[in-house]
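# Structural overview
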Protein chains: 2
Amino acid sequence: MIADKMVNLVKNSSAIRAMFEEGKIMAAKYGAENVYDFSLGNPNVPAPAEVKQAVYEELEKEDPVVLHGYMNNSGYEDVRGAIAASINKKFGTSFGEQNIIMTVGAAGGLNVILKTLLNPEDEVIVIAPYFGEYNSYVTNYDGKIVVVSPNTETFQPNLEELEQKITARTKAVIINSPNNPTGVVYSEDTIKKMADILRGKEKELGSDIYLISDEPYRELVYDGIEVPYLTKYYENAIIGYSYSKSLSLPGERIGYLVIPDEVSEAEDVIAAANVATRILGYVNAPSLMQKVVAKCLDAQVDVPFYNRNREALYNGLKELGFECIKPEGAFYLFVKSPVEDEKTFCAAAKKHNILIVPGSSFACPGYVRIAYCVSYETIMNSMPGFKALAEEFQVK
Amino acid sequence: MIADKMVNLVKNSSAIRAMFEEGKIMAAKYGAENVYDFSLGNPNVPAPAEVKQAVYEELEKEDPVVLHGYMNNSGYEDVRGAIAASINKKFGTSFGEQNIIMTVGAAGGLNVILKTLLNPEDEVIVIAPYFGEYNSYVTNYDGKIVVVSPNTETFQPNLEELEQKITARTKAVIINSPNNPTGVVYSEDTIKKMADILRGKEKELGSDIYLISDEPYRELVYDGIEVPYLTKYYENAIIGYSYSKSLSLPGERIGYLVIPDEVSEAEDVIAAANVATRILGYVNAPSLMQKVVAKCLDAQVDVPFYNRNREALYNGLKELGFECIKPEGAFYLFVKSPVEDEKTFCAAAKKHNILIVPGSSFACPGYVRIAYCVSYETIMNSMPGFKALAEEFQVK
């Protein structure tokens, strides 16, 4: 009796989420310390102290009717103004509060902008490997996902294929950098070339192609790498940001969209995104957390903690003979499976109580994703298991 | 360049919301104390002290990684268990945590259940007058709204017409009691008769008809009125609850769905609602607020405050000669417009700095909604304006 569309969605429900649930069951069975759950991108570093401080301040100083009440569907004006100013300071942009729409995390923001833009059958291009939930977000609005196949050498986007796959029905391209699942940061060179391609195609086809940047991992970068700010390179760029990772608040569902004035028909897009926020049932981003993040614009989680994990896991697996690119951001390692069908490898890993996600969940079979937002001990204690797997699959 | 569907939605964007924005502009111009803004159902009574206390306790005692982290998409198990137990205690039901799905307010919950159930062209029956946003929630999933016309004598549902309008495509009926905009509580007699009709039609048509109860106003009732708990009267009943009004937390976006085991194919419906929560981009209801409401299950806002407003406004307007039914719940008065086109009346009211919403926003023209979640002074100070309107429109 459920909707036809939902039947398959339930059947193929997120492998990652299923593993998350399984991990909890295994932890109860074997003891949490004996299960190496690398399945979910659930930050294990606590929110910075500023978050708690900001909650206390808001509860003490702000009128509760304002603090917990309705505001404009796009969010509190003061919060949006503070965020715009902070972006402007960091990236030399010139956004105003009207360009910011507070959202229920980045997932909420992506749904809002896709609802805003997509007509049925419109095509949305994604670059493999990519976060599998984009499929659902796009089909929610009857759009069609078009996948650019992975460049497994550098995991930078395959730009030639991107150009070939743009048609008159292409409404948007979604990119995600630092990338889930590879940890790769798309370089400035990549972004410039991509912008040129999109601009050329817009001219050729007489259409608008929106470049939607899903950026929950922007602040989680290592070795001083810079993540280009998309709106500086392309007029029709829209940013979807989230505090889930930068402030370790994934459960709180707080983020924002940036819709610059330079976007084609910006006023309509902004107005429609405001309405979409309301009618999709979000109504507005959670109010207390809006006020809190506005007070934590320069706060950040303990990135060196993730960096230590990155080094330990990357070096440990490389030494064992596994192949993988060194991530520059996020908290994922994307490792080549020693067998073609990586699901076999994931199943073998589970026997060692190691939970990792098959690359086919990201349209990149033959690889596995290892989320290292876990304790350092989990990484170190998982190494004998990985060693056994290395021997079992003769990776050297 | 925005989606075709969005063009009209933006054009006809919520009259209520537009008025809310206009009210803020008028308040800045004339001074807040000189604008009588009865437009929005934004609670003006602060959240009870238990809310603040619960936030403090959670921040002090709970691991921030858990408190702000991802959990099962349906919500924390302990929170869902506590809510189920609380409902069971109040209503003699026997729900478990599996029957509760935490949602981003009632609006989020309605979207989740409609996404879960609706195939394109499925019909959803609503009873006028009704909250206009249901139109968008239903069309989000390509469903069709079927409106049962208002019974303006009692504002109980017109059950004969309901029965006539049920077809083989009827997937759900949405009811809202205490009702927005009338404040009427559907009586036990109404609910029993409605359940009989639906059950009869299910048998006749060989279909399932879900009765979705949108209940944000459940706790806001006066004179000891009881609001029947739908799942006790009808097997295919699903409850959408929100803490927006009962705890004055509308901006926080926190509520839940109850999907009883008695619902047809309950397991599938529950699983699909979990997936819908994720893919609609909610991911989960805000985490801190989940924990907070679980600690405030017996807390309540200052209902006598609203009751005092209700008496003052109802008696005041009756004395001036206006016609209206005395509300038994919620915080709205639904007043007969002294002229057929109630928009004329609303426009005249605005000249007295009184903001009220035309009944046509609720599929019930000829009436106006006055939200009395305002200060007592606002009501008293608006009376000269209403008096002038009474004279202008010769209501006596």
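Here the residue numbering is sequential within each chain, running from 1 through the sequence in written order. Each chain gets a letter, beginning with A, and each ligand a number, beginning with 1, in the order they are written. Owing to the predicted nature of the model, reporting of local features is limited to residues with pLDDT of at least 70; listing and counting of side-chain atom pairs is limited to 80 or more, with chain, interface and lining totals taken over all residues. The side-chain quantities take in all heavy atoms of the structure and omit both hydrogens and water.

UniProt positions are given in the numbering used here, feature names are shortened, and annotations may be inferred rather than shown by experiment. On the UniProt side, "domain: Aminotransferase class I/classII large" (unreviewed entry) is annotated at positions that read residues 35-378 of chain A here. Between the C-alpha atoms that bound residues 35-378 of chain A there is a distance of 8 Å. The span itself is 38% helix and 15% strand. A run of DSSP states H or I qualifies as a helix once it reaches four residues; a run of E qualifies as a strand once it reaches two. Both are numbered from the N-terminal end.

Let us look at the pattern of salt bridges. One side-chain nitrogen of Lys or Arg within 4 Å of one carboxyl oxygen of Asp or Glu is enough to make a salt bridge. Enumeration according to the criterion identifies 46 salt bridges over all chains in this entry. Measuring nitrogen to oxygen at the nearest pair gives 3.6 Å for the salt bridge that ties K291(A) to E62(A). Note that K291(A) is positioned in helix α11 (residues 287-294) and E62(A) in the loop between α3 (49-61) and α4 (64-67), a separation of 229 residues in sequence. For K291(A), a relative accessible area of 7% corresponds to the buried category. The classification of residues rests on relative accessible area computed with a 1.4 Å probe and restricted to protein chains. Under 20% of the type maximum is buried, over 50% is exposed, and intermediate values are partly exposed. Look at E62(A) and you get partly exposed, because its relative accessible area is 23%. With its nearest N and O atoms 3.5 Å apart, the salt bridge here joins E204(B) to K201(B). Here E204(B) pairs with K201(B), and both are found in helix α9 (residues 188-205), just three residues apart, close to one helical turn. The class of E204(B) is exposed, set by a relative accessible area of 56%.

Before going further, it helps to examine the domain arrangement of chain A. Residues and elements named next belong to chain A. Each assigned domain of chain A is listed with its residue range as follows: domain 1 (4-48 + 301-392) and domain 2 (49-294). Where each domain starts and ends follows an automatic or database-derived domain assignment. Taken over C-alpha atoms, the centre of domain 1 sits 26 Å from the centre of domain 2. With 31 residues of domain 1 at the interface, the matching set in domain 2 holds 41 residues. With both sides pooled, the region where domain 1 packs onto domain 2 buries about 2,600 Å², and carbon together with sulfur makes up 61% of that total. Per-residue buried area on domain 1 facing domain 2 is highest for P48, I325 and E328; these three make up 25% of the total on that side. On inspection of domain 1 and its partner domain 2, the count reaches two salt bridges. Ionic pairing is found between D223 and R310, a salt bridge with its closest N-O pair at 3.1 Å. Whether two residues are in contact is decided by their heavy atoms, any of which lying within 4.5 Å being enough. Buried area is understood as the total, over both parts, of accessible area removed when two parts are fitted together, assessed with a 1.4 Å probe.

Quick look at the interface of chain A and chain B now. Counting from both sides, the interface comprises 83 residues of chain A and, opposite them, 83 residues of chain B. The interface formed by chain A and chain B holds six salt bridges in total. A salt bridge links R278(A) to E133(B), with the nearest nitrogen and oxygen atoms 2.9 Å apart. By the criterion applied in these results, polar contacts are pairs of N or O atoms within 3.5 Å in which, for protein atoms, one can donate a hydrogen and the other can accept it, and in which residues neighboring in sequence qualify only through two side-chain atoms. At the boundary of chain A with chain B, the tally comes to 43 residue pairs in polar contact (both at pLDDT 80 or more). Those elements that place two or more of their residues in the side of chain A that touches chain B are α1 (4-11), α2 (15-30), α3, α4, α6 (105-117), α7 (133-139), α10 (266-279) and α11 of chain A. Among the elements that line the side of chain A that touches chain B, the one with the most residues is α10(A), at eight residues.

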